[in-house]
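The residues making up each chain are set out below.
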2 protein chains.
Amino acid sequence: MSRRGQPNLATPGRRQMILEAALACFDETGVAATTIEQIRDRAGCSIGSLYHHFGGKEGVASALFIDGISDLNAGLLRRLDDCSNAEQGVRTCVLHYADWVTRQPELARFLVHAREINFAPEARAELKAIYQRHFGAVFTWFGRFVLRGDMKQLPPETYIPIISGPIEDYARLWLSGRTRTPLVEVSEVFAEAAWNAVRAR
Amino acid sequence: MSRRGQPNLATPGRRQMILEAALACFDETGVAATTIEQIRDRAGCSIGSLYHHFGGKEGVASALFIDGISDLNAGLLRRLDDCSNAEQGVRTCVLHYADWVTRQPELARFLVHAREINFAPEARAELKAIYQRHFGAVFTWFGRFVLRGDMKQLPPETYIPIISGPIEDYARLWLSGRTRTPLVEVSEVFAEAAWNAVRAR
DNA sequence: CATATTATAGAATCAAATTCTAATCTAAAT
DNA sequence: ATTTAGATTAGAATTTGATTCTATAATATG
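Definitions and cut-offs
Residues numbered from 1 in each chain as written. Chains lettered and ligands numbered in written order. Predicted model: local features only at pLDDT ≥ 70, side-chain atom pairs only at ≥ 80, totals over all residues. Heavy atoms only, no water. Helix = DSSP H or I, 4+ residues; strand = E, 2+ residues; numbered from the N terminus. Buried < 20%, exposed > 50% of the residue type's maximum accessible area, 1.4 Å probe, protein only. Contact = heavy atoms within 4.5 Å. Areas by Shrake-Rupley, 256 points an atom, 1.4 Å probe, with all protein chains shown as cover. Lys, Arg positive; Asp, Glu negative; His and termini not counted. Charge placed at Lys NZ, Arg CZ, Asp CG, Glu CD. Phe/Tyr/Trp six-rings, centres within 6.5 Å; stacked < 30°, edge-to-face > 60°. Patch = residues over 30% accessible without salt bridge, like charges linked within 9 Å, V, L, I, M, F, W, Y side chains within 5 Å. Salt bridge = Lys/Arg side-chain N within 4 Å of Asp/Glu carboxyl O. Axes fitted to C-alpha atoms, helices over the stretch in contact; angles between N-to-C directions. Parallel < 35°, antiparallel > 145°, perpendicular 65-115°, else oblique. Left-handed = near helix turned anticlockwise from the far one by under 90°. Nonpolar A, V, L, I, M, F, W, Y, C, P; charged D, E, K, R; others polar. Buried area = accessible area lost by both parts, 1.4 Å probe. Polar contact = N/O pair within 3.5 Å; in protein donor to acceptor, adjacent residues only side chain to side chain. Domains from an automatic or database assignment. Least-squares fit on C-alpha atoms with pLDDT ≥ 70 in both.

> In this structure, what is going on with the overall build of chain A? I would like to understand it.
Along the backbone of chain A there are 9 helices and 0 strands. Walking chain A from its N terminus toward its C terminus, one meets helices and strands in the order α-α-α-α-α-α-α-α-α. Projected onto its principal axes, the C-alpha coordinates of chain A cover approximately 75 × 35 × 25 Å. Taken over 201 residues, chain A has a buried fraction of 48%. The long-range share in chain A, meaning contacts at least 24 apart out of those at least 6 apart in sequence, stands at 66%. Within the structure as shown, chain A displays about 10,100 Å² of accessible surface, and the carbon and sulfur contribution to it stands at 53%. Here chain A contributes 24 positive and 23 negative side-chain charges, whose respective centroids are spaced 3 Å apart.

Below, the structure is given as structure tokens:
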């Protein structure tokens, strides 16, 4: 510390430590209910440090959200690269989501509850850019299969809800502990349903 | 009032007035960001009165949520009564949701953001009972069509995400203003997709 | 090595949530 | 009609948590 004579500590990893502490708190207590104090305690830092890096609880949440969504998106694009037809692509969208959520349930739980975050304008803008880039890439990937007649031609903004809506809905259910059946045990069902919903016939 | 000499006002409709004021505030400002004070101002009541009826902001939100979800559920069961086959039933689930959201977007926006509410244990229990009753009725309704082979046999907990997930996902999109195309213009697409996902073939 | 910038610290301040006590109203019982 | 118990309203007082502020230490830069 400064005023009280302790030395400053842990500069390099401080940001990351705060993010990890915050995620743990959010997961245990919920975003709305966790206090700055709880995060501070867990991260072992001062209030000043926390505000310096993130400007408050909502800044921490924004950073966490952007990191998480970026990782999720990047993973999907990598896996789409290995797909060579529409059915594989659609299945991959569903299965990747299920895998990702299963591998990092805390982060997934946070992302899913993220509606409650009051993003600052800059974070909002950054997110918008991220989404545009990502969905742009995804639509480019699928576009040829629609043109080729392998997939139904639908209003563009309906593809994502139809393909990803069910698995995301079920993931919320599983993450909240209201169903016993693990995601991976039903993800094939959702992949199949998604393909049936969008395949040309 | 009591201490300051004004008389008490508006006993009968006070609960309802508070709920309406709260919904308006939540819709304009978001649940997390609206203060008790704002609700109090809008409802024209005292802090004491608000706490007496609801025990705080989260109590108001719980009551609003339970009222809303009950109305939504009741409406679906009424409309299912008029259906005589599986396809009609599945389509009705989708179309009813779209209609309901279109008719009361403020309440729908609130329900959709309800993940952020920290329900008190009693509210949680009440909600659980409501869901059990409702989904019990819905599953009873659909059960015969699965047995009869009109619909696919799937893990029970996957039907709701598959049928309702996409329209709910799109409704969130529309309610948040990120898409121009109104729900009713695409609800047929979602009804069709839902039926294709669960029909036996 | 001087200086600027960044990071840390925690006290001080500010705002909102919640509690508490008292007044008023309503309805039931006599 | 009066009394009384419970419900409702009121807002001041208190508590809690968020945010700001100033100071100190570390680090990077010329």
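Now that the structure is up, let's keep going.
> Got a minute to help me understand the packing of aromatic side chains in this structure?
Residues and elements named next belong to chain B. According to the stated counting rule, one finds 14 aromatic pairs over all chains in the structure shown. Measuring from ring centre to ring centre gives 5.8 Å for Tyr131 and Phe135, while their planes differ by 10°; the resulting arrangement is stacked. Of this pair, Tyr131 and Phe135 both sit in helix H7 (residues 121-147), 4 residues apart, roughly one helical turn. Note on Tyr131: relative accessible area 25%, which makes it partly exposed. The class of Phe135 is partly exposed, set by a relative accessible area of 29%.

> Mind showing me how you'd approach a positive patch on the surface here?
Side chains of A:Arg199, A:Arg201, B:Arg199 and B:Arg201 sit close together on the surface and give a patch of like positive charge. Along the chain, the position of B:Arg199 falls in the segment after helix H9 (183-198). A relative accessible area of 31% means that B:Arg199 is categorised as partly exposed.

> What's the story with the pattern of salt bridges in this structure? I'm lost.
Residues and elements named next belong to chain A. Applying the stated criterion across every chain, the model contains 20 salt bridges over all chains. For Arg91, the salt bridge is made with Glu192, and the minimal N-O distance between the two is 2.6 Å. Taken together, the residues Arg91 in helix H5 (residues 86-103) and Glu192 in helix H9 (residues 183-198) connect sequence positions 101 residues apart. For Arg91, a relative accessible area of 16% gives the class buried. Residue class for Glu192 comes out partly exposed when judged on its relative accessible area of 33%. One network of salt bridges, in which partners are shared, links Glu87, Arg91, Glu188 and Glu192.

> Help me out: how do you make sense of the packing of helix H4 (residues 57-81) of chain A against helix H6 (residues 105-112) of chain A in this one?
Helix-helix packing is described using two parameters, namely the angle between the two axes and the distance between the axes. Residues and elements named next belong to chain A. Their axes nearest at 10 Å, the elements H4 and H6 cross at an angle of 115°. One element, H4, and the other, H6, form an angle in the roughly perpendicular class. The interaxial crossing formed by H4 with H6 has left-handed handedness. Contacts from Ala61, Leu64, Phe65, Gly68 and Ile69 in H4 reach Leu107, Phe110 and Leu111 in H6. Broken down by class, the residue content of the contact of H4 with H6 amounts to 7 nonpolar, 1 polar and no charged.

> Looking at this model, I keep getting lost on the interface of chain B and chain A. Mind explaining?
When the parts come together, some accessible area is lost, and that loss is often what is quoted as the size of the interface. Opposite the 31 residues of chain B that make contact, chain A presents 31 residues. Across the chain B/chain A interface, buried area totals approximately 2,500 Å², and carbon plus sulfur atoms make up 61% of it. Broken down residue by residue, the surface that chain B buries against chain A is led by B:Arg115, B:Glu157 and B:Pro161, which jointly contribute 21%. The interface formed by chain B and chain A contains 0 salt bridges. For the interface between chain B and chain A, the tally reads 2 residue pairs in polar contact (both at pLDDT 80 or more). Listing elements by their share of the side of chain B that touches chain A, those giving two or more residues are helix H8 (159-175) and H9 of chain B.

> Please explain the domain arrangement of chain A as it appears in this structure.
Residue and element names in this part refer to chain A. We note that the domain assignment places domain 1 (1-55) and domain 2 (57-198) within chain A. Distance between the C-alpha centres of domain 1 and domain 2: 30 Å. Listed as interface residues are 14 residues of domain 1 and, on the opposing side, 12 residues of domain 2. Between domain 1 and domain 2, the buried area comes to about 1,200 Å², and carbon and sulfur atoms account for 71% of it. The largest contributions to the domain 1 side of the interface with domain 2 come from Leu23, Asp27 and Val31, which together make up 41% of the buried area. In this assembly, domain 1 and domain 2 are joined by 1 salt bridge. Its salt-bridge partner being Arg109, residue Asp27 comes within 2.8 Å of it at the nearest N-O pair. On the surface where domain 1 and domain 2 come into contact, there are 4 residue pairs in polar contact (both at pLDDT 80 or more). Listed by contribution, the elements that provide at least two residues to the side of domain 1 that touches domain 2 are helix H1 (14-29), helix H2 (36-43) and helix H3 (47-54).

> What is the right way to read the relation of the copies chain B and chain A from this model?
Both copies of the chain are placed relative to one another by a rotation about an axis and a shift along it. Expressed as a screw operation, the relation of chain B to chain A combines 0.0 Å of axial shift with a rotation of 179°, fitting to an RMSD of 0.1 Å. Classification of the inter-copy transformation places it as that of a two-fold axis. A share of 100% of the interface residues of chain B reappears at the interface of chain A, consistent with the copies meeting face to face through the same patch.

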